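# Commentary on secondary and tertiary structure
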Amino acid sequence: SELIRGFLLSGMPCPSSCPPGLLALMAPGLALMATFSLPSQAGDRRALPVEKPPGVKGRTLILLDVNTKSPVRIISENFLSLQLDPSIIHDGWLDFLRSSEPSAPRTSSPARGAEPGCSCAGFHRRCGAAAAWRRWDGQKAFSLLGLAISLFSFPFAVDIVRSDIALDKQKGCKIAQHPDIMLELQREKAAQMHLVLLKEQFSNTYSNLTLTARSLDKLYNFADCSGLHLIFALNALRRNPNNSWNSSNALSLLKYSASKKYNISWELGNEPNNYRTLIGRSVNGSQLGKDYTQLRSLLQLIRTYSRAHLYGPNIGRPRKNVIAFLEGFMKVAGGTVDAVTWQHYYIDGRVAKVTDFLKTRLLDTLSDQIRKIQKVVNTYTPGKKIWLEGVGMTSAGGMNNLSDSYAAGFLWLNTLGLLASQGIDVVVRHSFLDHGHNHLVDQNFNPLPDYWLSLLYKRLIGPKVLAIHVAGLQRKPRPGRVIRDKLRIYAHCTSYHNHNYVRGSITLYIINLHRSRKKIKLAGTLRDKIVHQYLLQPYGKDGLHSKLVQLNGQPLAMVDDGTLPELKPRPLRAGRTLVIPPLTMSFYVVKNVNALACRYR
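- The name an unreviewed UniProt entry assigns to the chain is HPSE2 protein, from the organism Hylia prasina.
- Its UniProt record gives the chain the following Sequence similarities (unreviewed entry) comment, quoted word for word: "Belongs to the glycosyl hydrolase 79 family."

Here is the structure:
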């Protein structure tokens, strides 16, 4: 819970009205999401390529300036969110995520580490292939450990969004402490279940899962006490003979949640374009649109949820058949959903290699997918918000020492930069904790490299995206040729909630995929300003495979079970050239720029 809260609480104040329906990024108890992006008239802007032309020696400086007059995009403060895999119900971790009873572990610290104080910092989403197999059981049964889940076949997806009032309730939430022996037994159980879940994933066959009232109570209480908003994906695989959605089970769950006055947003299903492989029966986009319309009608009949947010269709990678599916859905239900959602995974986790994470061609695949989704959405519902509601570096659970290593951060940080610059409202990272290797913390709740990267992003990056200008080194591509950038630079106004920096400051984040260091000279409005450096590098002998990172040469680790370390910058004197080491990621706060675009919220 502290990990989640640390992620969410980056010093953001509690406004009178937080943007409704955001998933919590900072609340990894479930699926965290936290970003909104407003459309910009500037069109799609990518970080300008910064590639050294032939014949230019390594010592040549890259001159960098930023347009400080106006932003090209304005994203939500909930832009970065996290997801909690539904496998926690299967493997027993749900009971260990409790923070509202006298026994819950340290899950809360990394989840909450991003911001100290109340804020609408993100969403928490629960989803995955298993989401399709979830069934609701109103019976309030529970096992010895308090687990209220019967392992029957049932696809399952749940999301959590940060609540603007949740932290006010913290006085009533207690952090529980489990005996060490219980944690050890749970880790053994989870390890065994890990093998079962991987087998299901590889065979694409899933056991059913029944969610009881007791489980839902635990899930919601954990989210609420961690300052998250829950987004719950209902089972869409329950079909009538005519292939329409059978909503009887969902209605029971809705009525129970309403009786408890649970503040939940809703979805229906997960990757519906793959249902044929799950149930031997396909559901096209038009039919799913009708199902969403039916769900909206159910929500309007229940007073508690008459204005609840509804998201979908949560399709997979936008290949040709998936685009056709989305078109059918948008024709019928484009006006029914509050945001259009899809998922993206870069690499098959079963065949991934460390060199894959360094390929610029792979980094660029997301940009093309964004444009495909935007084209369909803007055709039917111009201006409709778009969320990347499930993103991971690898599919199929990922690969140990790869998708949970320092190397995976190149894809992750570039993903954040591309999404923000191209106007995606929310990105939900899969996953905070799950059975694979795409997670942000390990099963001892120790933060992994992508957690620290995300935490720094949350602490330093504000919602306004700025255009960058690079002097002298920009080549014009020949027709049909795409320049693959190995040095990627993005710029934002510094977060207003970071009280270490006055308004008007600018934050750069830089990815150097070169195997040599690069030098950047700040020019124009950035010239002769004091800069704070946050340089992330792998720590230990494992290099890019390392699960440990160092910040400005100091290893990052939890101080204790409930305390995140101080993220100390390295001050650089005014006018100093930025030296970017090879194969690294870094953030640079340019202080006191007094940028017009960054003075006001």
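Back to the write-up after that little detour.
### Here we look at the overall build of the chain
- Summing up its helical and strand segments, the chain has 13 helices and 28 strands in all.
- In the chain, buried positions account for 62% of the 601 residues.
- Of the contacts formed within the chain by residues at least 6 apart in sequence, a portion of 85% connects residues at least 24 apart.
- Carbon and sulfur atoms make up 52% of the accessible area of the chain, which totals about 22,200 Å².

### Things to note about the state of the cysteines
- Here the structure, examined in full by the defined rule, presents one disulfide.
- Bridging Cys493 to Cys598, the disulfide has an S-S length of 2.0 Å. Note on the Cys493 and Cys598 pair: the S-S dihedral is about -75 degrees, so by sign convention the disulfide is left-handed. One end of the pair, Cys493, is in strand S20 (residues 487–494); the other, Cys598, is in the segment after strand S28 (584–590), with 105 residues separating them in the sequence.
- The class of Cys493 is buried, set by a relative accessible area of 1%.

### A look at helix H11 (residues 365–380)
- In a regular helix each residue adds 1.5 Å, so 16 residues correspond to 22 Å; H11 covers 24 Å between its end C-alpha atoms and thus fits that length.
- Of all the residues in H11, the buried ones are Leu366, Ser367, Gln369, Ile370, Ile373, Gln374, Val376 and Val377.

### Observations concerning unusual backbone geometry
- The omega torsion of the bond from Gly312 to Pro313 falls at 5 degrees, within 30 degrees of zero and hence cis.
- Within the fold, Pro313 resides in strand S14 (residues 310–315).
- If you check the backbone angles, Glu271 has positive phi at about 45 degrees while not being a glycine.
- Summarising the element assignment, Glu271 is placed in the loop between strand S13 (264–268) and helix H7 (275–279).
- Exposure remark for Glu271: the relative accessible area of 21% places this residue in the partly exposed category.
- The backbone of Asn314 shows a phi angle near 60 degrees, a positive value even though the residue is not glycine.
- Within the secondary structure layout, Asn314 lies in strand S14.
- With a relative accessible area of 0%, Asn314 lands in the buried category.

Rules used in this analysis
- The residue count restarts for each chain, going from 1 along the sequence in the order it is written.
- Owing to the predicted nature of the model, reporting of local features is limited to residues with pLDDT of at least 70; listing and counting of side-chain atom pairs is limited to 80 or more, with chain, interface and lining totals taken over all residues.
- Values shown for side chains rest on all heavy atoms present in the structure; no hydrogens or waters enter the calculation.
- UniProt positions are given in the numbering used here, feature names are shortened, and annotations may be inferred rather than shown by experiment.
- A run of DSSP states H or I qualifies as a helix once it reaches four residues; a run of E qualifies as a strand once it reaches two. Both are numbered from the N-terminal end.
- Each residue is placed in one exposure class: buried if its accessible area under a 1.4 Å probe, protein chains only, is under 20% of its type's maximum, exposed if it is over 50%, and partly exposed if it falls in between.
- Should any heavy atoms of two residues lie within 4.5 Å, those residues are considered in contact.
- Working definition of accessibility: Shrake-Rupley area with a 1.4 Å probe, residue cover restricted to the visible protein chains.
- Two cysteine sulfurs form a disulfide in these notes if their separation is within 2.5 Å.
- One fewer than the residue count of a helix, multiplied by 1.5 Å, yields its expected span.

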